[in-house]
Amino acid sequence: MARMHAGHEPIVRTWSEPPDGTPDWCDACWIAAPPQPAPAGTRLGIETAWFRLRMPCGGAGTLRIRISANTRFKLFLNGKPIAAGPRKGDAARHFYSLLETDGPFLDGENDLRIQVVSFPPREAWGEGNIGPSWAVGNAAGPCLLVAGAWYPVGAAQPAPVGVTQPASVGAAQPAPVGVAQPASAEDAFDVTTGRAAWETMADDAITWKLFPQSFWHGALEVSDGARAAAIRASGDGENGWKPALVRWPVAPSPYGVVPVFPLVPDPLPPMRDEPGSFHRILPARADDLPQMAFMEGVAVVPARSRMQVELDAKVLRTAWPQLEMHGGAGSRIVIRYAEGYARTGADGRPEKGIRDDWTCGELAGHEDVCLPAGGLDVYEPFWFRVFRFVRIEVETADEPLTLRMPVFRETGYPLAVGSAITSSADWVALTFEINVRTLQRCMQETHVDCPYYEQMQYTLDTRLQILFTHVLGSDVRLARLAMEDYHASLMPEGMIQSRCPSGDPQVIPPFAPAWIQMLEDHWLQTGDAEVFRRYRST
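Given the structure is predicted, the values throughout are model-derived calculations rather than measurements.

Here is what the cut-offs are and how they apply
- Sequence order sets the numbering: in each chain, residues are counted from 1 along the sequence as written.
- Only residues with pLDDT of at least 70 get local features here, since the model is predicted, and only at 80 or more are side-chain atom pairs given and counted; chain-wide, interface and lining totals rely on the full set of residues.
- As a rule here, side-chain values come from all non-hydrogen atoms in the structure, and water together with hydrogens is ignored.
- Strands are treated as partners if at least two bridges between them are detected by DSSP.
- Here a strand is any run of E in DSSP of at least two residues, a helix any run of H or I of at least four, and the numbering for each starts at the N terminus.
- Residue contacts are defined here by distance: any two heavy atoms, one from each residue, within 4.5 Å place the two residues in contact.
- For helices, the axis comes from a line fit to the C-alpha atoms of the stretch in contact; other axes are also lines fit to C-alpha atoms, and the angle between any two N-to-C directions lies between 0 and 180 degrees.
- Whether a residue is buried, partly exposed or exposed follows from its accessible area with a 1.4 Å probe, protein chains only, as a fraction of its type maximum: under 20%, in between, or over 50%, in that order.
- This arc is built from the directions going out from the helix axis to the C-beta atoms.
- Polar contact is defined as a pair of N or O atoms within 3.5 Å, subject to the rule that within protein one atom must be able to donate a hydrogen and the other to accept it, and that residues adjacent in sequence are counted only when both atoms are side-chain atoms.
- By convention a nonpolar core is built from buried Ala, Val, Leu, Ile, Met, Phe, Trp, Tyr and Cys residues, the set being connected through side-chain atoms within 4.5 Å.
- When describing relative orientation, an angle under 35 degrees is termed roughly parallel and one over 145 degrees roughly antiparallel, while 65 to 115 degrees is termed roughly perpendicular and anything else oblique.
- Handedness of a crossing follows from how the near helix is turned relative to the far one, being left-handed for an anticlockwise turn of less than a right angle and right-handed for a clockwise one.
- Residues are sorted three ways: Asp, Glu, Lys and Arg are charged, Ala, Val, Leu, Ile, Met, Phe, Trp, Tyr, Cys and Pro are nonpolar, and all the rest, Gly among them, are polar.
- What counts as a salt bridge is simple: a side-chain nitrogen of Lys or Arg found within 4 Å of a carboxyl oxygen of Asp or Glu.
- To estimate the expected span of a helix, subtract one from its residue number and multiply by 1.5 Å.

## Section: the sheet that holds strand E23 (residues 341–344)
So, point 1. Pairing in this open sheet of three strands is antiparallel, and the strands run E24-E23-E25 from one edge to the other. The two strands at the open ends of the sheet, each matched to only one other strand, are strand E24 (350–352) and strand E25 (362–363).
So, point 2. In the sheet, E23 pairs with E25 via two bridges, with the strands oriented antiparallel. Along E25, the bridge assignment pairs Tyr-341 with Leu-363.

As structure tokens, then:
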């Protein structure tokens, strides 16, 4: 899934495999980071690693690649995030993205870095160190697969097949893998893992912590800014970047052995990536910490003090928050994401009332923790967060911390709304707007029952969302992929799972007929009877 950066560089496009559906991976191999120690109380934990390729090429050109990772990747070009993925899969379908970017590339050396987070299998989870419920984890650790090349302007390139336009969002060199031979061997720079000089380094700047309301969502980040800065500045060799481990070839086994990661191209368009800003700052409650004052978009938290601010995004968002800061070495920043204000009930759980009534309750929910290194930095979590309200709480040490007003970049499936409704009653248009926004938040790389909590694709929720999608337009790509997901979840006894992809298989028999109804709905809405032939055996 590419991030569609809107209105600024770099620009990323997606492309499709040739019609014959047989990508030529040649001798591309998965590469891996060395094993990392498991957190106390676990057999395997969440692992994070960086992979780096220094590209001694530059100027005008195009980088065209296939890319996948175990379990998630975030792709950076010269320090800027340009893409994230791969799509959620399962043990039989490991998705890869097909990406293309024209940069801009610097004259001389360019820095291609990929941050990879791997989630352990559910049976290895320990207290607090767990992945999201959808993740089909394994013991491989952070692994990366890239196949492709950078081409200078004028070099022969493969003709783009099904390029999504625009997708605005992030030793001797042998011929590139899976793409056409350029004019000469010197024209292209091969970036293929297993052949190019990829290096790796453990990302110990991030540790993972589970919060009470985050069990389905999985553990969130504690990010050490000083360690992250050290990784960015680290050199080669001891305690620095080392050659990545070459693991499994992508080439099919001559003996019919199923590969460790069975690769499937991601058929979806890039997810949206649109800039956003907060609607308002909520008033401070009398019993709360002093409130940060953002004068001309900047707030200063004095040394050895505690302050807070609560921000309203107006509606629920699925977005990457971004927090620009300066100074504040030794500080601690807690970023809390919430759907609304809530009181604490008699059982200790939050009780929600009017969600934007800041006078009646507090914000409770998922949290990231950022530990600034001092100097200028921008914090963005590895993956997007879900929130209407965000609370930022700062405790400084001996150095004041300067914060710029936080912003975010909103993501989600690029649903084109082609329908509207009019009525003399005002509530009709408002209700339609709320329903469209609810659908948009529940359409990511899969349909989800709840973007804030589980982020799981359940049959009943998915069927209703697909029906509304048919009302709004003609895009059936996510619907078709959902049908395939349930088909792939078939159990030996003949039942499909109630939710998928899922690292914790669940069967609720009454949910299964909803998938059959999805097929009928699709046929009635599109006239496409192929779904019946495709899924007859299921």
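Further notes follow.
## Structural notes on the sheet that holds strand E9 (residues 110–118)
So, point 1. With respect to topology, six strands assemble into an open sheet ordered E7-E6-E9-E4-E12-E15, the strand pairing being antiparallel. The strands lining the two open edges of the sheet, one partner per strand, are strand E7 (80–85) and strand E15 (242–243).
So, point 2. Helix H1 (residues 225–233) rests against strand E4 (47–55), E9 and strand E12 (199–202) of the sheet, and its axis sits at about 165° to E12.

## Some remarks on H1
So, point 1. Buried within H1 are the following residues: Gly-225, Ala-228 and Ile-231. Projection of H1 onto a plane perpendicular to its axis shows the buried side chains occupying an angular sector of 120°, all on one side.
So, point 2. Where H1 is buried, its residues contact E4, E9, E12, strand E14 (220–224) and strand E26 (366–371).
So, point 3. Backbone nitrogen of Ala-226 and a side-chain oxygen of the N-cap are separated by 3.1 Å at the start of H1; the cap is Asp-224.

## Quick notes on the nonpolar core
So, point 1. Ranked by size, the top nonpolar core spans 30 residues in total, and within it Phe-51, Met-55, Leu-75, Ile-114 and Trp-198 carry the most contacts.
So, point 2. Sorting the residues of this core by element identifies E4, strand E5 (61–70), strand E6 (72–77), E7, E9 and strand E10 (143–152) as the ones contributing at least two each.
So, point 3. Judged by nonpolar contacts, the second largest core, of 26 residues, contains Phe-211, Phe-278, Leu-311 and Tyr-379.

## Notes on the packing of helix H2 (residues 426–441) against helix H3 (residues 459–472)
So, point 1. Taken N-terminus to C-terminus, the directions of H2 and H3 make an angle of 120°; their axes are 11 Å apart at the nearest point. What the angle tells us is that H2 and H3 run oblique. For H2 against H3, the interelement crossing comes out left-handed. Along its contact with H2, which presents Phe-432, Asn-435, Val-436 and Leu-439, the element H3 presents Gln-465, Phe-468, Thr-469 and Leu-472.
So, point 2. Grouping the constituent residues of the contact of H2 with H3 by class yields five nonpolar, three polar and no charged.

## A short note on the pattern of salt bridges
So, point 1. A full pass over the atoms with the stated rule returns 44 salt bridges.
So, point 2. Where Asp-521 meets Arg-463, a salt bridge forms, and the shortest distance between an N and an O atom there is 2.7 Å. In this pair, Asp-521 is assigned in helix H5 (residues 512–526) and Arg-463 in helix H3, connecting sequence segments 58 residues apart.
So, point 3. Judged by its relative accessible area of 8%, Asp-521 is buried.
So, point 4. When salt bridges with common partners are traced through the structure, they connect Arg-285, Asp-288, Arg-306, Glu-310, Arg-391 and Glu-393 into a single cluster.

## Points about H2
So, point 1. In this model H2 runs 23 Å from its N-terminal to its C-terminal C-alpha over 16 residues, within 8% of the 22 Å that 1.5 Å per residue would give.
So, point 2. Considered for burial, the residues of H2 that qualify are Val-428, Phe-432, Val-436, Leu-439 and Arg-441.
So, point 3. Each element contacted by the buried residues of H2 is listed here: strand E18 (271–277), strand E21 (306–327), strand E30 (407–412) and H3.

## Focus on the packing of H3 against helix H4 (residues 477–488)
So, point 1. Between H3 and H4, the least distance of the axes is 11 Å, while the angle of their chain directions is 160°. As judged from the angle between their axes, H3 and H4 are roughly antiparallel. Crossing handedness for the pair H3 and H4: left-handed. The segment H3 lies against H4, with Thr-459, Thr-462 and Ile-466 engaging Ala-479, Ala-482 and Tyr-486.
So, point 2. Residues belonging to the contact of H3 with H4 are distributed by class as follows: four nonpolar, two polar and no charged.

## What about the side chain of Thr-469?
So, point 1. Relative to the assigned elements, Thr-469 resides in helix H3.
So, point 2. Among the polar contacts listed, one links the side chain of Thr-469 to the backbone oxygen of Gln-465, at a separation of 2.8 Å.

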